[in-house]
Amino acid sequence: MRIASVIVDVPTMNTDKLFDYLVPEQWEEFIQPGMRVSVPFGPRLIQGFIIELKEHTEVMKLKSIHEPLDIYPVLNEELLNLGKWLSEQVLCLKISAYQAMLPAAMKAKYEKVFKRIDDRTNPFLDEIFGNKMELKWDAASERKLLPLLQQEIKNGTVEIKYLVKNKANKKTIRVIKCLLTNEELLQTIEGLSQNALKQKKVLEYFLQNGNEYIPVKQVQEVTGVAPTTIRSLISKGYFQEENKEEYRDPYEHRIFEKTKPFQLTEEQSMAMEPIIRSIEGNYQETFLLNGVTGSGKTEVYLQSIQSVLDKGKEAIVLVPEISLTPQMVERFKGRFGNDVAVLHSGLSIGEKYDEWRKIERKEARVVVGARSAIFAPFENLGIIIIDEEHENSYKQEENPRYHARDIAIYRGKLHQCPVILGSATPSLESFARSQKGVYTLLSMKKRMNNQALPSVSIVDMREELREGNRSMFSRELFEKLQDRLSKKEQTVLFLNRRGHSSFVMCRDCGYVLQCPHCEISLTYHRFTSQMKCHYCGYEASVPSVCPECDSEHIRYFGTGTQKVEEELAKLLPEAKVIRMDVDTTSRKGAHERLLQQFQEGKADILLGTQMIAKGLDFPNITLVGVLSADTMLHLPDFRASEKTFQLLTQVSGRAGRHHLAGEVVIQTYTPEHYSVELAGKQDYDHFYKKEMMMRKLGSYPPFYYLALITVSHEDLMKVVSITEKISNYLHSKLSKEAIILGPATSPIPKINNRYRYQCLIKYKREPNLTQQLRHLLEHYQQQITSEGLTINIDVNPYMMM
Ligand SMILES: Nc1ncnc2c1ncn2[C@@H]1O[C@H](COP(=O)(O)OP(=O)(O)OP(=O)(O)O)[C@@H](O)[C@H]1O
Ligand SMILES: [Zn+2]
Ligand SMILES: [Zn+2]
C-alpha cells in the first residue's frame, strides 16, 4: 500500500496539515512528491501538493487520490522543504507558501494534452494517438495510459503541453508539414496542370525546406500565395496542418545588441575576486556590494554570472519591480541572450508561465526578475544576486510575508553558492551585518571614468517663501531648468508622492508635529481632526499656530505630478515633458515606451514619482531636481529617515553618469535634517552612524527585531479587547527584555468599515516567539473562521501601517 501525504488547497489553519490519501495501484510507480493532485475533500475535489510518500498511516477510512495533475513534480525536494521552513518562519499556511512559489497560471484552470513530437513508426503511439498528434490528458488518464506516457516522455517521443483554458491566454500559430517524400513531391509537381503555378510554388518551397513544420504565415509570405491555395493542398492530403503552441515572448520584437564584457576597473576587479573565489570553491558567502551610483555594479554581476555559467550552473538576479526592469533586461539579454528568462509583474499570466517553463526545462540558465523569481526552480544554483537590496519591494506585503533576502540566503546555503546584495545605499540591517562580519563588505567608491558624483545644492523652501516666491520651483531650480533647455540637456524632476498630505507641517519653519514618546511624526486624521501616534496611541489636536514659531502657515502637505506638469506648461511652454506616474504607466508597456522616448531625446524633462528614482543610466541627464524632499520624512515609520536618504541619494545618482557632469537641486523645508543633508553629500557612512544612534535610542532594528500584530473587525470594542488580550498574553509569555507596544490604532484605522488595532513587539532573543504567535492564531481560530475576525502577523515588518 502506498500512501501520499498531501497539503490541500483549503486556506484555513485547521486544514494546514498533511492529509493522507491512498495512491491507486496504477499510479504507484508514477506518483512523486512535489506533484499536484486532485483529491476528494468533503463533497468536492480540490487541488493539493504531494509532500511525501509512505507505507503506513493511522487514518482509518482512507480515500484515494482522484488523479495526478502533473506528469513531473512542479516543486522539487528543495522547494518542498523551503515551503515548510517558510511557513514556520513567517507563520503562513503551507498551501500559500507553495502557491507563492509557482506562477499564477498553475493556480488557474488549464487543460493538459500529450503531444507527439516524433512520428517515426511506434506501434504503441500509433495506436493511442491514431492519426492525431495530440491526446487529451483526461482521455489518457481514463484509458490508464499515464505511466506508459511518462516512459515515452523520458524517451523524448512525447511531451506534455499545458493549455491555459482561458483562450485569451493561449498562444498558438498555424503550421503545416508536407506528408510527401521528396520523390513523391517531384512527381506531384510534374503532374500538376500548367495553371497550377501557385500550388507548384508551394510544393517547390517544401522540396527545398524539407519536412519540418513551417508556419503558414511564413509559407504565404515567401511564396506569395493566398490562403486558399494552401487550404486546397491540405485537402488533397499533401499537408498536415496543426496549431503549435508558441512561447509568448514579451521581448519578441526587441533586438538586444550583443555586448562584450568590459575591461574591469581596479575597484571592480577587487570586488569580483572574493566572489569568484566563492564560486570556484563552492561555498556560501553573503557579500554586500556597496558601490556608489554609477560605479559599475551591474558589470560585476554580469561577469560573476558568466563564470557561474562557465561552470554549468545557474543564476538568479532580483531587481526591484518593473521600474528597473527595461534597462536591466536589456543589459542581461544583451550579454546572455536567450539564456535569460524574465519574470516581473508587467508580464501577463501566460508570459510569466512561459518564462517559468523555460527555467524548468533548463532552456534558460539566468533569471532576471522581481521578488518571486527567488523561487525559480533551478537545481544547480551558482549565484544569487539582489540588486538595490535596500528596496522594500523585496518584502511581500501579503501572505506569505517573506523577504526575498532571507530566501536567497537560505537557498545560497543549500547550494553552497555566493549571494550578492548590491546597493549604493544598503539597508541599515545589511550594513550592520557587514560591520559585524556576517556579510562580507565589498566597496566601490568611484564612478566610472572617475566621473565625480553630482554636485548637490539644498534649497530651503522656507527661505523662498519668505522672499515672496510661492511657486513650487525655487529660483535656483528654475534657472537651472532654463539653462538645460537652452543647452539641450535633459532634466529629471522627482516628486515624492508617498506620505502625501498625511502630516502637518509649518510652512514657515518646517516644524512637524512629533510624538513625545516615540520620535515618530504624528499622522493627521481628517475625520476627527486629531493627530495620532500609531506606535503608542498618543493623541493631540492640531494646533492653529505653529508651536515652534507661532506662524499660522501650519497645514497638511503635498502636491501631485499633474499639478507640476501644469505649472511647467505655464512657466516653460517650450519644454517637452514626459510625465511618469501610476496614471501614465498603467497600460502594459507604457513604462518602457516612455523611458525609450526620453532616452531617444524626445523630451527635455522627465517628471515622475518613485518609479524614476532608480536604475536609469542615460548619458544626457545633467540635472536632477527634487521638488519636496521631506514628504516621506514624516511618515509614521521608524524607517522614514532611511527611506528619505536612500531615495534622495538614488535620484541624485541619475545625473552626470557619463561624460557630462551632473547637478542636483533638492528642495526642502527641513534642510537641517540629517538625512537630507547627508544625502546631499552622498555620505552613506555618516548617515549610517547617525541613523544607528537613532535606532538604538528608539530600540528599533537592527538593534531589535520586530513583529507586528494587526487585529481587525467591524466591531470596535471587539478589536480593542482582543488586541489587549493579545498584548497581555504576550507580556506573560515573553521574556522581560521584550518590549510590547500597544494596543494602538493602526495608521490606517479603518478599512472597509473594519477597525484596525495593532500591537508591536520589539525583541532581541525570543526563541518561543513564533510558537506563541502560532498559539494565538490557533486560540482565535474559531472567531477567525466564523466571526470575521482577522489577525495579521508580520514578522520583520516593513510596512508599519
Ligand atoms: N569596466 C567598465 N568599463 C567601462 N564602462 C563601464 C565599466 N563598468 C561599467 N561601465 C558602464 O558604467 C555605467 C554605470 O554602471 P552601472 O549602471 O552598472 O552602475 P551601478 O553601480 O549599477 O549604478 P546604480 O546603482 O546607479 O544603478 C554603465 O553605463 C556601464 O555600462
Ligand atoms: Zn513654525
Ligand atoms: Zn508614540
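Looking at an unreviewed UniProt entry, one finds the protein chain named Replication restart protein PriA and attributed to Heyndrickxia oleronia. UniProt's Sequence similarities (unreviewed entry) comment on the protein chain is quoted here verbatim: "Belongs to the helicase family. PriA subfamily." Of the protein chain, the UniProt comment under Subunit (unreviewed entry) reads exactly: "Component of the replication restart primosome."

Digging into the overall build of the protein chain
Each helix and strand counted, the protein chain has 25 helices and 34 strands in total. For a compact globule of 801 residues, the expected C-alpha radius of gyration is about 28 Å, and the protein chain comes in at 31 Å, within 12% of that figure. Here the C-alpha coordinates of the protein chain stretch approximately 100 × 75 × 55 Å along the principal axes. Taken over 801 residues, the protein chain has a buried fraction of 43%. In the protein chain, the share of contacts with a sequence separation of at least 24, taken over all contacts with a separation of at least 6, comes to 72%.

Describing helix 1 (residues 77-90)
Structural remark: α-helix, 3.6 residues per turn; residues separated by three or four positions point the same way. Taking 1.5 Å as the rise per residue, helix 1 with 14 residues should run 20 Å; its terminal C-alpha atoms sit 20 Å apart, in good agreement. Inspection of helix 1 places Leu79, Leu80, Leu82, Gly83, Leu86, Ser87 and Val90 among the buried residues, and these make up the whole buried set. Projected down its long axis, helix 1 shows its buried positions confined to an angular sector of 160°, all on one face. Contacts made by the buried residues of helix 1 are with strand 4 (44-54), helix 2 (94-100), helix 14 (404-415) and strand 34 (790-795). Looking at the residues trailing helix 1, positive phi occurs at leucine 91, about 55°.

Focus on the environment of glutamate 212
The topology assignment puts glutamate 212 in the loop between helix 7 (197-209) and strand 11 (214-215). Separated by 520 residues in the primary sequence, glutamate 212 and serine 732 place their C-alpha atoms 74 Å from one another.

Description of the sheet that holds strand 14 (residues 314-318)
Pairing is parallel in the open sheet, where seven strands are placed in the order 15-16-14-17-18-13-19. Edge positions in the open sheet fall to strand 15 (340-343) and strand 19 (440-444), since each of these has one partner strand only. Recorded for the sheet is a direction-independent mean angle of 15° between the axes of neighbouring strands. Sheet topology note: the strand 13 (residues 286-291)/strand 19 ladder contains five bridges and is parallel. Across the sheet, the residue bridging to glycine 291 is methionine 444, located in strand 19.

Remarks on helix 10 (residues 266-281)
The terminal C-alpha atoms of helix 10, which comprises 16 residues, lie 23 Å apart, in line with the 22 Å expected from a rise of 1.5 Å per residue. For helix 10, the complete set of buried residues consists of Gln268, Ala271, Met272, Ile275, Ser278 and Ile279. As for helix 10, its buried residues are in contact with strand 13, helix 11 (297-310), strand 17 (381-387), strand 18 (419-423) and strand 19. Positive phi shows up at asparagine 282, right after helix 10, with a value of about 50°.

A few points about the nonpolar core
The nonpolar side chains of a soluble globular protein tend to be buried with one another. The biggest cluster of nonpolar side chains holds 111 residues, and the ones touching the most others in it are Val6, Ile316, Val317, Leu318, Val366, Val367 and Val368. Beyond its immediate sequence surroundings of up to four residues, valine 367 is in contact with Ile316, Val317, Ala341, Leu343, Ile359, Ala373 and Ala376. Counting residues in each nonpolar core, the second largest holds 59 residues, with Leu477, Leu495, Cys546 and Ile666 among its members.

Focus: the packing of helix 6 (residues 182-191) against helix 7
Between helix 6 and helix 7, whose axes approach to 10 Å, the crossing angle comes to 160°. Here helix 6 is positioned roughly antiparallel relative to helix 7, judged by the angle of their axes. For the crossing formed where helix 6 meets helix 7, the hand is left-handed. Along the contact surface, helix 6 presents Asn182, Leu185, Thr188 and Ile189, while helix 7 presents Lys200, Leu203, Glu204, Phe206 and Leu207. Of the residues belonging to the contact of helix 6 with helix 7, the class tally is five nonpolar, two polar and two charged.

Basis of the calculations
Residues numbered from 1 in each chain as written. Chains lettered and ligands numbered in written order. Predicted model: local features only at pLDDT ≥ 70, side-chain atom pairs only at ≥ 80, totals over all residues. UniProt positions renumbered as here; feature names shortened; annotations may be inferred. Helix = DSSP H or I, 4+ residues; strand = E, 2+ residues; numbered from the N terminus. Rg over C-alpha atoms; globule rule 2.2 N^0.38 Å. Buried ≥ 20, exposed ≤ 12 C-beta atoms within 10 Å, placed from the backbone. Contact = placed C-beta atoms within 7 Å. Expected span 1.5 Å × (residues − 1). Arc of directions from axis to C-beta. Pairing = 2+ DSSP bridges. Axes fitted to C-alpha atoms, helices over the stretch in contact; angles between N-to-C directions. Core = buried A, V, L, I, M, F, W, Y, C linked by C-beta atoms within 7 Å. Parallel < 35°, antiparallel > 145°, perpendicular 65-115°, else oblique. Left-handed = near helix turned anticlockwise from the far one by under 90°. Nonpolar A, V, L, I, M, F, W, Y, C, P; charged D, E, K, R; others polar.

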